[in-house]
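Residue strings, one per chain:
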Amino acid sequence: MPKMKTNSGAKKRFALTGTGKIKRKHAYKSHILTKKTKKQKRNLTQTGLVHKSDVNSIKALLAMK
């Protein structure tokens, strides 16, 4: 059986932490920023973690499991 390919889009969007969790960036930070508050933009800058219900599908895209 051949190796499973990593999804190129997922590889650019997600990263693994040292403990094995999957990091992600927040959406809505690329354009139309004038109507968003400073607080909203500041909070969107920070990274988040992928929800546990989505972890298995992301790992499949990253060909980890």
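Residues numbered from 1 in each chain as written. Predicted model: local features only at pLDDT ≥ 70, side-chain atom pairs only at ≥ 80, totals over all residues. Heavy atoms only, no water.

This paragraph deals with the overall build of the chain. Of the regular secondary structure elements, the chain holds three helices and three strands. Here the chain has a C-alpha radius of gyration of 15 Å; the compact-globule value for 65 residues is 11 Å, and the former is much larger. The C-alpha extent of the chain, read off along each of the three principal axes, is 50 × 25 × 20 Å. Split into buried and exposed, the 65 residues of the chain put 14% on the buried side. Residue pairs at least 24 apart in sequence account for 52% of intrachain contacts in the chain once pairs closer than 6 positions are excluded. With the model as given, the accessible surface of the chain reaches about 5,800 Å², and the carbon-plus-sulfur share is 55%. (Helix = DSSP H or I, 4+ residues; strand = E, 2+ residues; numbered from the N terminus. Rg over C-alpha atoms; globule rule 2.2 N^0.38 Å. Buried < 20%, exposed > 50% of the residue type's maximum accessible area, 1.4 Å probe, protein only. Contact = heavy atoms within 4.5 Å. Areas by Shrake-Rupley, 256 points an atom, 1.4 Å probe, with all protein chains shown as cover.)

The subject of this paragraph is the nonpolar core. The biggest cluster of nonpolar side chains holds five residues, and these are A10, I22, V50, I58 and L62. With sequence-adjacent residues up to four places away left out, A10 is seen in contact with L61 and L62. (Core = buried A, V, L, I, M, F, W, Y, C linked by side-chain atoms within 4.5 Å.)

The values reported here are purely geometric and, on their own, carry no functional implication.
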